[in-house]
Amino acid sequence: MDSKIKEIHQQLVSKQITCTALVQEKLDLLKQNTYNSVNSLLDTLALELAAKVDAKITNGETIGLLEGIPFGIKDVYMVQGTYTTASSDLLKNYKSPYTATAIQKLLDAGAIPLVKENCDSFGHGSSSENTIFGAVKNAVNPELVGGGSSGGSAVNVALDYTVFSIGGDTGGSIRQPAGYNHIYGLKPTYGRISRYGLMAYASSTDCVGPLAKSIEDIRIVLNVMSGKDPKDQTSTTSEEITEEGIAASSIKTVGYFKNFIESEAIDAQIKADFLAAIEKIKAKGIAVKELDFFKSDILVSTYYTLAMAETASNLSRLDGTNYGNRIEGDNLIDTYAVTRSENFSEETKRRIVGGNQVLSQGFSDEIYLKGLALRDQISENFSKDFEEVDVILSPVTPAAPPKIGDSLKDPLAMYLSDAYTVGFSLGQLPTLTVPQGTTTGLQITAAKNNDELVMQFANFLKDTL
Ligand code: GLN
């Protein structure tokens, strides 16, 4: 599909539609929706901004490409004056005191925020069922999960309720719901977009990224959000990615992880479709190389060890003193305990307990430090791979989306369903889900800062598969 942003821009400039009518139509769709994709609507702000865009067009002023384009925001980003709940009881009445850098850049470019979107609470999950706002339903089949944790964002884009949405990806939360709902979703190189104003889950892998229906829209939104930010010391400067730069593919060698495809956990259809995609790529004269990689269970346990440790640390500030729904106990310690145990979900508590365990004296050397060492080995493995191949291709998930309710019964099975996404997060590599190849799409990964290559190959796959 071609750029929706450009199509709408053209319609606005040629006065085929007004921005107010466009925004109102999308707000109505969001309000009436039955997919549980909405936590709160930003209707007053959105209509105010739309009126300004219309006034500019009426006055004959030129408008930028993103001006007047409606978008959605996962409910973990600060937008000053709006509720930012992280889909949790603890923060259900919390209002953002400031705006996240990535979102501010979109606002400065004139894009119009419509909605704070449902997700797994604090990003903890792979199905968007771990939320106080009701399980997000899949856009393709509402009996299935929307995927997670950025499920609401993926579903809103898939159903055209938003033109693009901004998700967050710590271990797969943009890529997996994009795959489950047949759209594009990019986790950029770690640090390319500032994390300032994104509620921290695991700070060393948290990434801001766009979900959209075309590669071109992903490119446009990525460029606007990218850049070094003094408020996030891990952010970096990056070159703008041009339309011409991703039009033709320079990729000569593609790799894939043999053990991902030979794993017992992979669904037979996904495996067959993946191998068929590989054959089509070979038929275009591209060399394909099988690569060795860590076993999925090692990737998943390394990721969850580190992610739980980081989230236990990050969420320790949420005790009802400065933030959150305070519940008074008999004394201060009791107040902390009751506030946290009553207001965090089961899944979040499991992670806080697990994280504090792996960080605690007597265990941290054996578990946490071992996790860090494994992460270094995983990164080295990637560096070696990218001496031999330009990009790595993988399925996004081992299986199709589960039915709503099924993943809640078995947290371990849910963790294992992240087998193909978490490794690239640990490596901090740019990875894009494309809606082709298998029923949950394909992931394209390149070396750090090669986000452009990933998008080039996506364009190639769009024409090839
Ligand atoms: N499903 C993974 C987890 O629960 C990834 C979540 C995310 O990327 N926020 O940790």
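Everything numeric in this text was worked out from a predicted model, so none of it was measured. (Residues numbered from 1 in each chain as written. Predicted model: local features only at pLDDT ≥ 70, side-chain atom pairs only at ≥ 80, totals over all residues. Heavy atoms only, no water.)

A word on the pattern of salt bridges. With the rule as written, the count across this model stands at 19 salt bridges. The closest approach of N and O atoms between Asp89 and Lys92, which form a salt bridge, is 3.1 Å. Residue Arg326 pairs with Glu328 through a salt bridge whose shortest N-O separation is 2.7 Å. The partly exposed category is assigned to Arg326, whose relative accessible area is 37%. When its relative accessible area of 56% is taken as the criterion, Glu328 is described as exposed. If you follow the salt bridges from partner to partner, you end up with Lys6, Glu216, Arg219 and Glu243 in one network. (Salt bridge = Lys/Arg side-chain N within 4 Å of Asp/Glu carboxyl O. Buried < 20%, exposed > 50% of the residue type's maximum accessible area, 1.4 Å probe, protein only.)

Taken together, the neighbourhood of the ligand is formed by 15 residues, with Thr170, Gly171, Ser173, Tyr201 and Tyr303 sitting nearest. Ser126 places a side-chain nitrogen or oxygen 2.8 Å from a nitrogen atom of the ligand. Tyr303 places a side-chain nitrogen or oxygen 2.7 Å from an oxygen atom of the ligand. In the complex, 99% of the free accessible area of the ligand, which totals 300 Å², lies under the protein chains. A class-by-class count of the residues in the shell around the ligand yields 3 nonpolar, 9 polar and 3 charged. (Near = heavy atom within 4 Å. Polar contact = N/O pair within 3.5 Å; in protein donor to acceptor, adjacent residues only side chain to side chain. Areas by Shrake-Rupley, 256 points an atom, 1.4 Å probe, with all protein chains shown as cover. Nonpolar A, V, L, I, M, F, W, Y, C, P; charged D, E, K, R; others polar.)

Let us look at the UniProt feature "active site" (unreviewed entry) in the protein chain. Taking the UniProt record as the reference, the feature "active site" (unreviewed entry) is found at Lys74, Ser149 and Ser173. The annotated residues occupy 100 residues of the chain but converge on a single region, no pair of C-alpha atoms lying more than 10.8 Å apart. With relative accessibility at 3%, the residue Lys74 sits in the buried group. Apart from residues lying up to four places away in sequence, Lys74 is in contact with Lys116, Glu117, Cys119, Ser149, Ser150, Ser153, Ile166, Gly167, Gly168 and Ser173. One can find Ser173 in the loop between β4 (164-169) and α6 (175-180). The class of Ser173 is buried, set by a relative accessible area of 7%. Those residues in contact with Ser173 that sit more than four places away from it in its chain are Lys74, Gly123, Gly125, Gly148, Ser149, Ser150 and Gly168. A polar atom in the side chain of Ser173 sits 2.6 Å from the backbone nitrogen of Ser149. (UniProt positions renumbered as here; feature names shortened; annotations may be inferred. Contact = heavy atoms within 4.5 Å. Helix = DSSP H or I, 4+ residues; strand = E, 2+ residues; numbered from the N terminus.)

Turning our attention to the side chain of Arg175. Examined against the element boundaries, Arg175 turns out to sit in helix α6. Owing to a relative accessible area of 0%, Arg175 belongs among the buried residues under this scheme. Ignoring anything within four residues of it in the chain, the contact list for Arg175 reads Asp169, Gly185, Lys187, Val396, Thr421, Phe424, Ser425, Thr431, Thr433 and Gln443.

Pairing is mixed in the open sheet, where 11 strands are placed in the order β1-β3-β2-β4-β6-β5-β10-β11-β9-β7-β8. Two strands lie at the open edges of the sheet, namely β1 (38-41) and β8 (287-291), each paired on one side alone. This sheet shows a mean twist of 25° between the axes of neighbouring strands, independent of strand direction. The pairing of strand β9 (residues 391-395) with strand β11 (residues 442-445) spans 4 bridges and is antiparallel. By the bridge assignment for β11, Leu393 is matched with Ile444. Of the strands in this sheet, β1 and β3 (112-117) touch helix α3 (residues 43-58), which is tilted by about 165° from β3. Across the face of the sheet, helix α13 (residues 368-388) comes into contact with β7 (253-257), β8, β9 and β11 while running at roughly 115° to β9. (Pairing = 2+ DSSP bridges. Axes fitted to C-alpha atoms, helices over the stretch in contact; angles between N-to-C directions.)

This part is about the environment of Arg326. Following the sequence through the fold, Arg326 ends up in the loop between α10 (296-314) and α11 (332-343). Sequence-distant contacts of Arg326, that is, excluding residues within four places in its chain, are made with Gly320, Thr321, Leu332, Thr335 and Thr339. Side-chain polar atoms of Arg326 contact the backbone oxygen of Gly320, separated by 3.4 Å.

Of all 6 residues that make up strand β6 (residues 207-212), 6 are buried, and the element is covered over most of its length. Taking every second residue as pointing to the same face, both faces of β6 are buried, with Cys207, Gly209 and Leu211 on one and Val208, Pro210 and Ala212 on the other. Sheet topology places β4 next to β6; 6 bridges connect them, and they run antiparallel. Considered in β6, the bridge of Ile166 is made with Pro210. Where strand β5 (residues 184-187) lies against β6, 2 bridges are found, and the strand directions are antiparallel. For Tyr184, the partnering residue across the bridge sits in β6 and is Ala212.

Mapped onto the fold, Leu408 is located in helix α14 (residues 406-409). Taking the relative accessible area as the measure of exposure, Leu408 reaches 54% and is therefore exposed. On a C-alpha basis, the gap between Leu408 and Glu347 in space is 9.1 Å, while along the polypeptide they are 61 residues apart.

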